[in-house]
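# Report on the structure
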Amino acid sequence: MNKDLTVGKPETVLWRFCLPLFGSIIFQQMYNIADSFVAGKFIGENALAAVGNSYGITMIFIAFAFGCNIGCSVIVSQLFGAKNYKDMKTAIYTTMISSAVLCICLMLMGLIGCKSLLEMMKTPDEIFVDSKRYLDIYVWGLPFLFFYNIATGIFSALGDSKTPFIFLAFSSTANVLVDILFVISFQMGVAGVAWATFLCQGLSCLLAVYVVLKRMSQIHTHEKAPIFSGALFFKIAVIAIPSILQQSFVSIGNIIIQGVVNEFGPGVIAGYSAAVKLNNLVITSFTTLGNGISNYTAQNVGAGKIERVQAGFKAGMKMVWMLCVPIVVVYVCASPILIRLFMDKPSDLALLSGGQFLRIVPPFYFAISAKLIADGILRGAGLMKRFMAATFADLAIRVVLAMILSDSFGYLGVWSSWPVGWVIGTVMSVCFYYHYNKTARRY
């Protein structure tokens, strides 16, 4: 059901909107973690390393899908807040058409270039074949990834966080079961893990797009909405392209960092793969809430209710810091147990390296969560240059430090690069937010 986020007490509105997002986060992470869990538990440590090694490359494709999601979501939110339903429909159709063209181009590039990327990452011979097999199957599923992300972005733009939760609950639960079926019963190895994701994401994508189109048909306009608009395409691109670039550079940075980690061998790769999955679980959770703040901000900016944005920032900060406390305690205190969840018979090196990552990085979740909430407001307000500047600073520092510190401190130097980059990026994003808030409230 569509919901207007421009009326009601801001904190109450955000809590009601974000509660289903919390549920979606849980199931989304089940989706992301299932592949690594099944690979490590039922195939072996090298299989876990292969799936983890492929993760940086898959994140490039996800970056493009995420950018299309954000570009569409912000513009649709603004048009929905302004009650401009004709242009809102056209923005949705325009996103779908342009995203289809982009997706085809990426599929061709992926099928041709993934092998070269794996070689560039210095992928060990023991996991190269499985990494390549996983990526080949993943690339064929890109249309499902793209259109599912666009559909969920549209639901969120309309103030509906419950429908994406239902789809995620269904698809992620099915993905875990099909992962196990393909790997244990059919003995398909890493390919089975990839095919499970392909099938489950495909079904959820088709259902999500069907519901979006049906909902659009129920919103009546005085004139028929055109299926494409160059002007709206430009507005969407202004938001989408910086988001794509930001996420792509993050992915490229992760590939570079993965290449540094790969020099320490399969044991460290497996430990890193498990730890970074747990880390990404949290970061994705904060990012999802940041996206919710973007939708809230965009609707209120579209409605001209700028004063509600500051209340949204405070409510968002309260939510993410309430999440940080238990997560940090569990990750730091139970790191060996958490790493063991991903492997049946982990090596000592895998346990040691993964555990050290979870003791060094999580205490700084308080910083990165503040950045992602501030970033959500910057995106929702269309301030993409400031958003990109803070994110690129964080990434550049992490990548450069990882390369420099690894020579002197080994993989511990790589782990230590995260907190430094996060803190600097957070200071920049929060300062940009306060400057925007101060300036916007004058007018």
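Quick caveat: nothing in here was measured; it's all calculated off a predicted structure.

With that settled, consider the packing of aromatic side chains. Applying the stated criterion across every chain yields a total of 22 aromatic pairs. On the basis of an interplanar angle of 15° and a centroid distance of 5.3 Å, the ring pair of Tyr272 and Trp415 is categorised as stacked. Separated by 143 residues along the polypeptide, Tyr272 in helix α9 (residues 266-302) and Trp415 in helix α15 (residues 411-440) bring together distant segments of the chain. Both residues of the pair, Tyr272 and Trp415, count as buried. Taking the centre distance of 5.2 Å and the plane angle of 75° together, the rings of Phe357 and Trp418 count as edge-to-face. With a gap of 61 residues between them, Phe357 in helix α12 (residues 348-360) and Trp418 in helix α15 connect regions that are remote in the sequence. When its relative accessible area of 0% is taken as the criterion, Phe357 is described as buried. Here the aromatic residues Phe264, Tyr272, Phe357, Tyr411, Trp415 and Trp418 are joined through ring pairs into a cluster of three or more.

Counting residues in each nonpolar core, the largest one holds 71 residues, and the members touching the most others are Phe61 and Leu142. With 16 residues, helix α2 (residues 45-81) is the single largest residue contributor to this core. When near neighbours in sequence (up to four residues on either side) are disregarded, Leu142 contacts Phe61, Cys103, Leu106 and Met107. Of all hydrophobic cores here, the second largest spans 65 residues; its members include Ile339, Phe342, Ile373 and Trp418.

On to helix α3 (residues 85-120). Considering bend angle alone, the principal kink of α3 is centred on Gly113 and spans about 50°. In the stretch just after α3, Lys122 is the one whose phi turns positive, near 60°.

Turning next to the packing of α2 against helix α8 (residues 230-262). Look at α2 against α8: their axes get within 7 Å of each other, and the N-to-C directions meet at 160°. Judged by the inter-axis angle, α2 sits roughly antiparallel to α8. Where α2 crosses over α8, the handedness of that crossing is right-handed. Of the residues contributing to the contact of α2 with α8, the split by class is 18 nonpolar, 11 polar and one charged.

The next subject is the environment of Val139. The residue Val139 is located in helix α4 (residues 125-140) in this model. Given a relative accessible area of 0%, Val139 falls into the buried group. For the pair Val139 and Met107, spaced 32 residues apart in sequence, the C-alpha to C-alpha distance is 5.9 Å. Dropping the residues within four chain positions of it, Val139 is found in contact with Phe61, Met107, Gly110, Leu111 and Cys114.

With that settled, consider helix α13 (residues 365-380). Counted at 1.5 Å a residue, the expected span for α13 with its 16 residues is 22 Å, and the 22 Å between its end C-alpha atoms agrees. Gly382 occupies a position one or two residues after α13 and carries a positive phi of about 80°.

Now for the confidence of the model for the chain. Mean pLDDT over the chain stands at 85; residues scoring 70 or higher make up 96%. Averaged over each element, pLDDT in the chain is lowest for helix α1 (residues 10-42) (73) and highest for α3 (92).

This paragraph deals with the environment of Arg215. Along the chain, Arg215 falls in helix α7 (residues 189-217). According to the relative accessible area criterion, Arg215 is buried, its value standing at 13%. Among the polar contacts listed, one links the side chain of Arg215 to the side chain of Thr163, at a separation of 3.4 Å.

Gaps left between atoms show up when a probe the size of a water molecule is rolled over them. Under the counting rule described, the total for this entry stands at two cavities of 30 Å³ or more. The space that makes up the second largest cavity amounts to roughly 60 Å³. If you go around the second largest cavity, the residues you meet are Ile137, Tyr138, Gly141, Leu142, Phe144, Ala194, Thr197, Phe198 and Gln201. Those elements that place two or more of their residues in the lining of the second largest cavity are α4, α5 (142-157) and α7. At four residues, the largest contribution of residues to the lining of the second largest cavity is made by α7. Partitioning the lining of the second largest cavity into residue classes produces six nonpolar, three polar and no charged.

To continue, consider a nonpolar patch on the surface. Where nonpolar side chains cluster on the molecular surface, the patch consists of Ile241, Leu245, Phe249, Ile252, Ile256 and Met403 and spans about 500 Å² of accessible area. The element contributing the most residues to the nonpolar patch is α8, with five residues.

What follows covers the pattern of salt bridges. Evaluation of the coordinates by the stated rule reveals eight salt bridges. Between Arg215 and Asp160 there is a salt bridge, and its shortest N-O distance comes to 2.6 Å. Taken as a pair, Arg215 in helix α7 and Asp160 in the loop between α5 and α6 (162-185) lie far apart in primary sequence, 55 residues in all. Summarising the burial analysis for this pair, Arg215 and Asp160 share the class buried.

In this structure, Lys83 takes a positive phi of about 65° despite not being glycine. You will see that Gln187, though not glycine, has its phi angle at about 55°, which is positive. On the secondary structure map, Gln187 appears in the loop between α6 and α7.

Right, let's get into the packing of α4 against α5. Two elements in contact, α4 and α5, have axes whose closest approach is 4 Å; the angle formed by their N-to-C orientations is 55°. By the angle between their directions, the pair α4 and α5 is classed as oblique. In this structure, α4 contributes Tyr138, Val139 and Trp140 to the contact, and α5 contributes Leu142, Pro143 and Leu145. Classifying every residue of the contact of α4 with α5 by side-chain character gives six nonpolar, no polar and no charged.

Criteria and cut-off values
Residues numbered from 1 in each chain as written. Predicted model: local features only at pLDDT ≥ 70, side-chain atom pairs only at ≥ 80, totals over all residues. Heavy atoms only, no water. Phe/Tyr/Trp six-rings, centres within 6.5 Å; stacked < 30°, edge-to-face > 60°. Helix = DSSP H or I, 4+ residues; strand = E, 2+ residues; numbered from the N terminus. Buried < 20%, exposed > 50% of the residue type's maximum accessible area, 1.4 Å probe, protein only. Core = buried A, V, L, I, M, F, W, Y, C linked by side-chain atoms within 4.5 Å. Contact = heavy atoms within 4.5 Å. Bend = angle between axes of the 7 residues up to and from the residue. Axes fitted to C-alpha atoms, helices over the stretch in contact; angles between N-to-C directions. Parallel < 35°, antiparallel > 145°, perpendicular 65-115°, else oblique. Left-handed = near helix turned anticlockwise from the far one by under 90°. Nonpolar A, V, L, I, M, F, W, Y, C, P; charged D, E, K, R; others polar. Expected span 1.5 Å × (residues − 1). pLDDT = per-residue confidence, 0-100. Polar contact = N/O pair within 3.5 Å; in protein donor to acceptor, adjacent residues only side chain to side chain. 1 Å grid on protein atoms, 1.4 Å probe; cavity = no way out; pocket = protein on both sides within 12 Å on 5 of 7 lines; lining within 4 Å. Points joined across faces, edges and corners; volume = space filled by probe spheres on them. Patch = residues over 30% accessible without salt bridge, like charges linked within 9 Å, V, L, I, M, F, W, Y side chains within 5 Å. Areas by Shrake-Rupley, 256 points an atom, 1.4 Å probe, with all protein chains shown as cover. Salt bridge = Lys/Arg side-chain N within 4 Å of Asp/Glu carboxyl O.

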